[in-house]
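Fold and contact review
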Amino acid sequence: MDKLKCECGHVNPEGTVLCEACGKPIEGNQHIDGNDKKMLLNMRYEGSARRSQTYRKSFVDKVWSFFSSVKVGVILIVIALIASMIGTIFPQAQFIPPNAVSRDPAIYYEDQFGLIGKIYYTLGFHEMYSSWWYLLLLGLVGVSLVICSLDRFIPLYKALKIQKPKRHETFLNRQRFYSETENVTESDLERMKENLKKLRYNITEQDGHILAEKGRFSRWGPYVNHIGLIIILLAAILRTTPIMFTDEYVWVREGETIVLPGTDGEYYIENKRFIMEMHDPEDERFRDAIAQEGMVPSNFQTDVVIYKAEREVPGAEPELEPILEDSIQMNKPAKFDGYTLYQQGYQQNEFSSMTFKIHETDDEDATAIDSFTVDLFDPEPEYILDSGFRVVIEHYFPDYYLTEDGTPASETNYPRNPAFVLLVYPPESDTPEVSFLGIGRNIDATGENEYKVAIQDFETHFVSGLTLRVDRTLIFFGLGAAVFMIGVIQGMYWQHRRVWIHPKENGILLAAHTNKNWFGLSKDIEKAIEDTNINMVEDRQDLDKS
Amino acid sequence: MKIDRAKQRKSRKKRNRLIYRSGILAVLAAALIFGIVSSLQNDNTVYREGDDAPDFQLEQISQNNDLETVRLNEYEGNGIMLNFWATWCDPCKYEMPFMQELYPEYKEKGVEIIAVSLDKTDLVVHQFIDQYELTFPIPHDPKGEISDLYKVGPLPSTFFINPDGEIERVVEGALTLELLEGFLDEITPN
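For clarity, every value in this text was computed on a predicted model and none was experimentally measured. (Residues numbered from 1 in each chain as written. Chains lettered and ligands numbered in written order. Predicted model: local features only at pLDDT ≥ 70, side-chain atom pairs only at ≥ 80, totals over all residues. Heavy atoms only, no water.)

**Focus on the overall build of chain B**
Operational definition: Secondary structure elements follow DSSP: runs of H or I of four or more residues count as helices, runs of E of two or more count as strands, with numbering from the N terminus. Buried means the residue's accessible area, taken with a 1.4 Å probe over protein chains only, is under 20% of the maximum for its type, while exposed means over 50%, and partly exposed covers the values in between. Every residue pair with non-hydrogen atoms within 4.5 Å of one another is taken to be in contact. Here the accessible surface of atoms and residues is derived via Shrake-Rupley with a 1.4 Å probe, and residues count as covered only by protein chains that are part of the display.
A count of helical and extended segments in chain B gives five helices and six strands. Counting from the amino terminus, chain B carries its helices and strands in the arrangement α-β-β-β-α-β-α-α-β-β-α. Counting all 190 residues of chain B, 49% fall into the buried class. The contacts of chain B with a sequence gap of at least 6 include a subset with a gap of at least 24, amounting to 69%. Only carbon and sulfur atoms are counted for the fraction: they give 51% of the accessible area of chain B, which is about 9400 Å².

Written out as structure tokens, the structure is:
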């Protein structure tokens, strides 16, 4: 038998606890909601047949019933919570501070946190939030959410749609609010009905049985709420696609025009200048901070021009058309064509040009015979000076360091610590003098140089760090949050209240149920039975406690 | 009669239930897999083995080579070793001599070596080319456009492109002579 026929004539699906039509408890199924040990009926989901509780035959059914269990859902959420907590114990790999001794995660964690750090790293917690198992866990929570909701919403919806005013006696006398009245006049009953209507209950009648109901829509609140959560989860999935979400960091030097990464070469950015302003040192508000830090910045700003590039093929010289000129400041991003550019960082450790002077080695005043300026981003191979000197740049190291085997090399692309090997040809001479020159270094290779080169002056520039972001998913997060909130409000501020009146010979049975705020319901009933001799319902919640 | 009908209805319901549940589970599983796979995909490997190598054009700056510009598409039918390097990258210095050593031989066989320099300044590139006596084309990408196009992460990065213009292999890090030879053989036209 897959159908349970109730004595009222309604055919219920298997697994039903309370007849969908008349509410009579179905004998064999009371254990499902734990009614068998209690006096009062468990009204959860109207005693409808949650399908997962019944069919467990095929593989699909087994998977389904696994995910439809709230217990499983809660366990998944708890595991996700614990994992999320573990992920915050030590900084995630991308947040290892730049000034750490070693930023290599393999070294950093053990070095900083000892054995626990090593375990943390070995188990992969250092990049947990993007690990496959963490994502899988969140996904499973989502799956559980969808299936739990479907598995409960559909039978509940059906049960509330099918419910009949005519209820079985057992259904009434096993409700929490219940009273019996021996003698009730027709006019008393009418008055009560009128009163209930005034309280905006919907009244349905069947053979003298009355159902007064209001706020049923509050029952959908949790499901609306879950739809909101599902939208948020979908938005999170969309966020992993580059079309919906891109986040790029770009360093732009003052005066430089470069391609904006992540735009397929469609946009270029020019950094016209970077400005850093400080608070007035006399400013009272910052006195303590200034005493501690020396200076307190008041403004970080990059003046930029955004270009749209037209070019035949990537790499070919583009035709740049300026589309935006803007000053980007903290919290004041530049916006263009769906992209947003935020001020995010700066560097001021780069040189843009250096001016050198040549003087005689034994001249104590170091009077310049001649001088020349080297553009550190575009140095010339040689400089021919008016005084007849010729200087050849034999080697240029923009970011000088000595390798382990003692040869000079450059660590990066950028002139942060420029150093040169210069060949200086004095006027009318073909034999060069070799000098090695850098910040704080001036080495005469042979020790016999007649002329010395020295740094006379230099210019520096700022490098501005900007974040380029496309986020088309925000609207979905907003929508999801709004739906979530609507669901919460719907379920919180309304209550599903029902009052049943069951005629009996001369009198009536009166029972009532609500999903929350029982006090409000009892107030409603008090008002409804005013000036009648119908007995007030008794709250029998304590019946099951003893 | 009545029992038959009931049985029929039952099996129909059962089938519907199976279809409905399988359908929803399939949709959820697909969303789950999509979500995980797409968020695990590192941005640095947008072009993978089997993808078509995107075309580009760059100015060639090596004085040891006659080309003025390098356009990737023009090498269709040839194998291409597309190398991204910089003078300040240590492992690049390690593999460059191997590339130079094998270049003349594989050039004959129809494999071109293209080494895109990501340096900012021309001068250091020229000095490097002279030091290592490189003869293959060195296109210059100072704006970083092509390295962004290929999502180049750590240097050196090398894309081995077969004669059909497909990426045969992506290698991050320096190559040894044996590895390089093997990979070049993979993309040698028949």
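**Here's the deal with the confidence of the model for chain B**
To keep it simple, the criterion reads: Here pLDDT means the predictor's own confidence in every residue, given as a number from 0 to 100.
Taken as a whole, chain B shows an average pLDDT of 83; of its residues, 96% reach a score of 70 or greater. Helix H1 (residues 2–40) of chain B is the least confidently modelled element of chain B, averaging 81 in pLDDT, while strand E4 (residues 111–117) of chain B averages 89, the highest of any element.

**Some remarks on the pattern of salt bridges**
Residue and element names in this part refer to chain A. To keep it simple, the criterion reads: Salt bridge criterion: a side-chain nitrogen from Lys or Arg within 4 Å of a carboxyl oxygen from Asp or Glu.
As enumerated under the stated definition, the model contains 28 salt bridges over all chains in all. Across the salt bridge formed by Lys-193 and Glu-205, the nearest N and O atoms sit 2.8 Å from each other. One end of the pair, Lys-193, is in helix H6 (residues 186–198); the other, Glu-205, is in strand E4 (residues 202–206), with twelve residues separating them in the sequence. Judged by relative accessible area, Lys-193 falls into the buried class, the value being 9%. On the accessibility criterion, Glu-205 (46% relative accessible area) is partly exposed. Taken together, the salt bridges that share partners define one network made up of Glu-46, Arg-219 and Arg-498.

**Some words on the sheet that holds strand E3 (residues 79–85) of chain B**
Residues and elements named next belong to chain B. To be explicit about the condition: If DSSP finds at least two bridges between two strands, the strands pair. Axis geometry follows a simple rule: fit a line to the C-alpha atoms, using only the stretch in contact for helices, then measure angles between N-to-C directions, giving values from 0 to 180 degrees.
Taken in spatial order, the four strands make up an open sheet running E4-E3-E5-E6, and their pairing is mixed. Among the strands making up the open sheet, the edge pair consists of E4 and strand E6 (167–172). Here the average twist between neighbouring strands, direction ignored, is 15 degrees. Where E3 meets strand E5 (residues 157–161), five bridges bridge the pair, whose relative direction is antiparallel. Each residue of the ladder has a partner; that of Met-81, found in E5, is Phe-160. Strands E3, E4 and E5 of the sheet are contacted by helix H2 (residues 90–109), whose axis makes an angle of about 150 degrees with E4.

**With respect to the interface of chain B and chain A**
Under the convention used in this document: What gets called buried area is simply the loss in accessible area from a 1.4 Å probe that two parts show on being joined, summed for both. Here a polar contact is recorded for every N or O atom pair within 3.5 Å, except that within protein the pair must consist of a potential hydrogen donor and a potential acceptor, and residues adjacent in sequence are included only if both atoms are side-chain atoms. Residue polarity follows a fixed list, in which Ala, Val, Leu, Ile, Met, Phe, Trp, Tyr, Cys and Pro are nonpolar, Asp, Glu, Lys and Arg are charged, and the others, Gly among them, are polar.
Contacts between chain B and chain A engage 40 residues on the former and 62 residues on the latter. Contact with chain A buries surface across chain B, with B:Arg21, B:Lys120 and B:Lys143 losing the most and accounting together for 17% of the total. Between the two partners, chain B and chain A, sit three salt bridges. With its nearest N and O atoms 4.0 Å apart, the salt bridge here joins B:Lys151 to A:Glu248. For the interface between chain B and chain A, the tally reads nine residue pairs in polar contact (both at pLDDT 80 or more). Mapped by element, the contributors of at least two residues to the side of chain B that touches chain A are H1, strand E1 (57–59), H2, helix H3 (122–132) and helix H4 (145–149) of chain B. Classifying every residue of the side of chain B that touches chain A by side-chain character gives 18 nonpolar, eight polar and 14 charged.

**Observations regarding H6(A)**
The periodicity of an α-helix, 3.6 residues per turn, causes residues three or four places apart in sequence to face the same way. Residues and elements named next belong to chain A. Defined as follows: Expected helix span is taken as 1.5 Å per residue step, with the number of steps being one fewer than the number of residues. What the arc measures is the spread of directions leading from the helix axis to the C-beta atoms.
Taking 1.5 Å per residue, 13 residues should reach 18 Å; H6 reaches 18 Å between its end C-alpha atoms and fits that length. By the burial criterion, the buried members of H6 are Asp-188, Leu-189, Met-192, Lys-193, Asn-195 and Leu-196. Projected down its long axis, H6 shows its buried positions confined to an angular sector of 160 degrees, all on one face. Opposite the packed face of H6, turned more than 90 degrees from it, sit the exposed residues Glu-186, Ser-187 and Lys-198. Against E4, strand E5 (209–214), strand E22 (497–504), strand E23 (507–514) and helix H10 (518–528) lie the buried residues of H6.

**Overview of unusual backbone geometry**
Despite not being glycine, A:Asp207 has its phi angle at roughly 50 degrees, a positive value. Summarising the element assignment, A:Asp207 is placed in the loop between E4 and E5. Classification of A:Asp207 by relative accessible area gives exposed; the value is 59%. Residues other than glycine seldom take positive phi values, yet B:Glu133 does so here, at roughly 50 degrees.

**Structural notes on the layout of surface pockets**
Quick note on the threshold: Each cavity reported here is a set of points on a 1 Å grid over the protein atoms alone in which a 1.4 Å probe fits but cannot get out, each pocket an open set with protein on both sides within 12 Å along at least five of seven lines, and each lining residue one with an atom within 4 Å of a point. Grid points are joined across faces, edges and corners, and a volume is the space filled by probe spheres set on the points.
Space inside the second largest pocket adds up to approximately 1300 Å³. Lining the second largest pocket are 34 residues; nearest its centre among them are A:Tyr249, A:Trp251, A:Tyr414, B:Ser147 and B:Val152. Among the secondary structure elements, those contributing two or more residues to the lining of the second largest pocket are strand E6 (245–253), strand E7 (257–259) and strand E21 (451–471) of chain A together with H4 of chain B. The biggest single contributor to the lining of the second largest pocket is E6(A), with six residues.

**Some remarks on empty space enclosed by the protein**
Residues and elements named next belong to chain A. According to the stated counting rule, one finds one cavity of 30 Å³ or more in the structure shown. Of the voids in this model, the largest cavity is the one considered here, and its volume is about 60 Å³. Along the walls of the largest cavity sit Leu-18, Cys-19, Glu-20, Gly-23, Met-43, Glu-46, Ser-48, Ala-159, Gln-163, Arg-167 and Phe-171, which together make up its complete lining. Of the residues assigned to the lining of the largest cavity, the class counts are five nonpolar, three polar and three charged.

**A closer look at the state of the cysteines**
What counts is decided by this rule: Two cysteine sulfur atoms make up a disulfide if the distance between them is within 2.5 Å.
This structure, assessed with the given rule, holds one disulfide over all chains. Residue B:Cys89 pairs covalently with B:Cys92 via a disulfide, S to S 2.1 Å. Between B:Cys89 and B:Cys92, the S-S dihedral sits near 90 degrees, and the bridge is therefore right-handed. Here A:Cys6 is not disulfide-linked; the sulfur of A:Cys22 is the nearest cysteine sulfur, at 3.6 Å.

**Topic: the pairing of E21(A)**
Direction of pairing for E6(A) relative to E21(A): antiparallel, over a ladder of nine bridges. Its bridge partner lying in E21(A), A:Val252 is registered against A:Ser464.

**Quick look at the packing of aromatic side chains**
Our working definition: Two rings from Phe, Tyr or Trp (for Trp, the six-membered ring) form a pair when their centres are within 6.5 Å of each other. A pair whose planes differ by under 30 degrees is stacked, one over 60 is edge-to-face, and the rest are tilted. Geometrically, a charge over a ring is one whose NZ (Lys) or CZ (Arg) sits within 6 Å of the ring centre while staying within 35 degrees of the ring normal.
Inspection of the entire model under this criterion finds 45 aromatic pairs over all chains. Between B:Tyr150 and B:Phe159 the ring centres are 5.0 Å apart and the planes differ by 70 degrees, which places this aromatic pair in the edge-to-face class. You can call B:Phe159 buried: its relative accessible area is 3%. When the ring centre of A:Phe171 is taken as origin, the NZ or CZ atom of A:Arg167, which lies over that ring, is 4.5 Å away.

**Things to note about the sheet that holds strand E15 (residues 390–397) of chain A**
All names here are of chain A. Pairing in this open sheet of five strands is antiparallel, and the strands run E14-E15-E18-E19-E20 from one edge to the other. The open sheet has two edge strands, strand E14 (382–384) and strand E20 (441–444), and neither has a second partner. The sheet shows a mean angle of 20 degrees between the axes of neighbouring strands, taken without regard to direction. As defined by bridge partners, E14 adjoins E15 across three bridges and the pair is classed as antiparallel.

**Brief notes about the pairing of E22(A)**
Residues and elements named next belong to chain A. A large share of E22 lies buried, amounting to six of its eight residues. Pairing between E5 and E22: five bridges, direction antiparallel. Bridge pairing links Ile-210 to Ile-501 in E22. As defined by bridge partners, E22 adjoins E23 across eight bridges and the pair is classed as antiparallel. Looking across to E23, one finds that Lys-504 is bridged to Gly-507. Two successive antiparallel strands, E22 and E23, enclose a turn made up of two residues, where Glu-505 displays a positive phi of approximately 40 degrees.

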